[in-house]
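# Residue-level structural notes
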Amino acid sequence: MDRQAAQAAAVIRVRNLFHMLAYAFSALREQGYRSVATEDFDNAAELCAAILERGVSLQLKRGLGQEYVSRTEARSSLRGKIEVAESVKSQAILRRQLVCSYDEFSVDTTMNRIIKATVALLVRSDISKARKKSLKKLMVFFADVREIDLHTVDWNMRYDRNNRTYRMLMAVCWLVVKGLLQTQSDGTTRMMDFFDEQRMSRLYEKFILEYYRREHPHLSASASFIDWVLDDEVSDGLPAMRSDITLSARGRVLIIDAKYYAATMQSNFDKRTVHSGNLYQIFAYVKNKQIAFERAGEGVEVSGMLLYAATDEDIQPDATYRMSGNRISATTLDLDRPFEEIRVQLDGIADTLTGPSTQAS
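Small disclaimer: the values here were computed from a predicted structure and weren't measured. The residue numbers shown here count from 1 along each chain, following its written sequence. Per-residue local features of the predicted model are confined to residues with pLDDT of at least 70, and side-chain atom pairs are confined, for both listing and counting, to 80 or more; whole-chain, interface and lining totals are unaffected and use all residues. In computing side-chain values, all of the structure's heavy atoms are included and hydrogens and water are not.

Our focus in this paragraph is the pairing of strand E13 (residues 301-309). The buried fraction of E13 is high, at 8 of 9 residues. In this description, strands pair whenever DSSP reports at least two bridges between them. Strands here mean DSSP runs of E at least two residues long; helices mean DSSP runs of H or I at least four residues long; both are numbered from the N terminus. Of the pairings in the sheet, the one linking strand E10 (residues 252-259) to E13 comprises 8 bridges and is parallel in character. Of the residues in E13, the one forming a bridge with Val253 is Val302. Of the strand pairs in this sheet, E13 and strand E15 (residues 326-333) are connected by 7 bridges, and their pairing is parallel. Residue pairing in the sheet places Leu306 in a bridge with Ala330 of E15. Only protein chains enter the accessibility calculation, which uses a 1.4 Å probe. A residue is then buried if its area is under 20% of the maximum for its type, exposed if over 50%, and partly exposed in between.

Written out as structure tokens, the structure reads:
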């Protein structure tokens, strides 16, 4: 990679982060978050802090989530199961106590612990004093919630009707813990300007998919698997093909691979080209999908698109190729523009599925 590509970076307005999160998590479109949507933020930490501030306030009005938590402790009064061996080992009997194990319905849940620990991170970071003060006031209601080591958290959580209001809060906490804050060698918390590439890539994909699901219900939008078209039944060892976004309407299919990279193009011998791996991947998706339709006798046009988040590079991908009868394009979405301009571009992509055919003959 040349020096220019190495120094490149994806560029995004902080306010657009809120719009992306709002599409990715429908809870942010509720009335309670309208004040957050109109605020200007200096950095992503301030945005996350504002979302958590509002979200936790709303959760407190509903009531903090509770669940049965296992306790084992020395007690003067009996409760639950007596742990005889532990009572002897800890010499609790000498203090006229017994070690008991029992389940307690408590707010000391894993999700509440994560919120408390994440807020503690944000309070130590570079956010406004007013926001820190507000978050600290909210934490008074978490007095019965214990500490948790965020490095040991299993983020693969299960949600049901009792805790579904925590889904978005956990997602924001995950973004803060994994991508926004880093601890330096001296123990202080260093603020990053934005989430790292891995975290933003996942958010970017989910945002685009949910945008089309919400704003273009006439289209079928999904992150669907694509089957390999094989000449026999041997498929052992083949990787799964799953598109980021597949849009379908009126006998047309558009497969979109959403890419959030520091550099939108690769450099070989001072020549800037589309990332070869990305192009091979989208080509495989399109051709296997097209051949599957043809074998089934369906006259469906399949096209593909590499949709990169624009960077500050001088050269950005903007080309359409016709490959073996299919249209494949590589272009960028500028997340540093006003959101209405982003909306226009995304709507224009959707319109290609309902307008005149542009497929290769």
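So, on to the packing of helix H2 (residues 14-24) against helix H9 (residues 197-215). Lines fitted to the C-alpha atoms define the axes, with helices restricted to the stretch that makes contact. Angles between their N-to-C directions range from 0 to 180 degrees. Here H2 crosses H9 at 65°, and the two axes come no closer than 7 Å. For the element pair H2 and H9, the recorded crossing hand is left-handed. Facing H2, whose interface residues are Leu17, His19, Met20, Leu21, Tyr23 and Ala24, H9 presents Met200, Leu203, Tyr204, Lys206, Phe207, Glu210, Tyr211, Arg214 and Glu215. Residue polarity is assigned by list, with Asp, Glu, Lys and Arg as charged and Ala, Val, Leu, Ile, Met, Phe, Trp, Tyr, Cys and Pro as nonpolar; anything else, Gly included, falls into the polar class. Residues belonging to the contact of H2 with H9 are distributed by class as follows: 10 nonpolar, 1 polar and 4 charged. What makes a crossing left-handed is the near helix being turned counterclockwise from the far one by less than a right angle; a clockwise turn instead makes it right-handed. Contact criterion: two residues are considered in contact whenever any of their non-hydrogen atoms come within 4.5 Å of each other.

On the secondary structure map, Lys133 appears in helix H7 (residues 129-139). Classification of Lys133 by relative accessible area gives exposed; the value is 54%. The spatial distance from the C-alpha of Lys133 to the C-alpha of Gln316 is 43 Å, given a sequence separation of 183 residues.

Quick look at the side chain of Glu53 now. Relative to the helices and strands, Glu53 resides in helix H4 (residues 44-62). Given the relative accessible area of 18%, Glu53 is considered buried. When sequence neighbours within four positions are dropped, the list of residues in contact with Glu53 reads Arg131, Ser134, Leu135 and Leu138.

Residues grouped as a nonpolar core are buried Ala, Val, Leu, Ile, Met, Phe, Trp, Tyr and Cys residues, joined through side-chain atoms within 4.5 Å. If you look at the biggest cluster of nonpolar residues, it comprises 84 residues, and the most contacted ones within it are Ile51, Ile115, Tyr204, Phe207 and Tyr212. Discounting chain neighbours no more than four positions away, the residues touching Phe207 are His19, Met20, Tyr23, Leu333, Phe339, Ile342 and Leu346. Core analysis: the next-biggest nonpolar cluster, separate from the first, contains 17 residues, Ile255, Val274, Val300 and Ile328 among them.

A few words on the pairing of strand E3 (residues 98-106). With 9 bridges joining them, strand E1 (residues 67-75) and E3 adopt antiparallel strand pairing. When the sheet's bridge partners are listed, Arg75 is paired in E3 with Leu98. Examined bridge by bridge, strand E2 (residues 81-82) and E3 share 2 bridges and lie antiparallel to one another. Looking at the pairing, Lys81 lines up with Ser101 of E3.

We count a salt bridge whenever a side-chain nitrogen from Lys or Arg sits within 4 Å of a carboxyl oxygen from Asp or Glu. Following the criterion strictly, the structure yields 21 salt bridges and no others. Across the pair Arg131 and Glu53 runs a salt bridge, and its minimum N-O distance is 2.8 Å. Pair noted here: Arg131 is in helix H7 and Glu53 is in helix H4, with a separation of 78 residues, a long-range link. With respect to burial, Arg131 and Glu53 carry one shared label: buried. Linking Asp108 and Arg146 is a salt bridge whose minimum nitrogen-to-oxygen distance equals 2.5 Å. With Asp108 in the loop between E3 and helix H6 (110-123) and Arg146 in the loop between H7 and helix H8 (167-180), this residue pair connects regions lying 38 residues apart in the sequence. Several salt bridges share partner residues, and in doing so they unite Arg71, Arg79, Glu104, Asp108, Arg113 and Arg146 into one network.

Right, let's talk about the packing of H4 against H7 for a bit. Helix packing geometry: the angle between the two helix axes and the distance between the axes. The geometry of H4 relative to H7 is characterised by a closest axis approach of 10 Å and an angle of 30° between their N-to-C directions. Relative to H7, the element H4 lies roughly parallel. The hand of the H4/H7 crossing is left-handed. Residues Glu46, Ala49, Ala50, Glu53, Val56, Ser57 and Leu60 of H4 touch H7, and the partners they reach there are Arg131, Ser134, Leu135 and Leu138. When grouped by side-chain class, the residues that make up the contact of H4 with H7 number 6 nonpolar, 2 polar and 3 charged. Geometric relationships in this document are graded by angle, where less than 35 degrees denotes roughly parallel, more than 145 denotes roughly antiparallel, 65 to 115 denotes roughly perpendicular, and other angles denote oblique.

Bringing the packing of aromatic side chains into the picture now. Pairing of aromatic side chains here covers Phe, Tyr and the six-membered ring of Trp, requires ring centres within 6.5 Å, and sorts the geometry by plane angle: under 30 degrees stacked, over 60 edge-to-face, intermediate tilted. Here the structure, examined in full by the defined rule, presents 9 aromatic pairs. A ring pair is formed by Phe207 and Phe339, whose centres lie 6.1 Å apart and whose planes are at 55°; its orientation type is tilted. Taken together, the residues Phe207 in helix H9 and Phe339 in helix H11 (residues 339-351) connect sequence positions 132 residues apart. The two residues Phe207 and Phe339 agree in class, both being buried.

These values are about where atoms sit, not about what they do.
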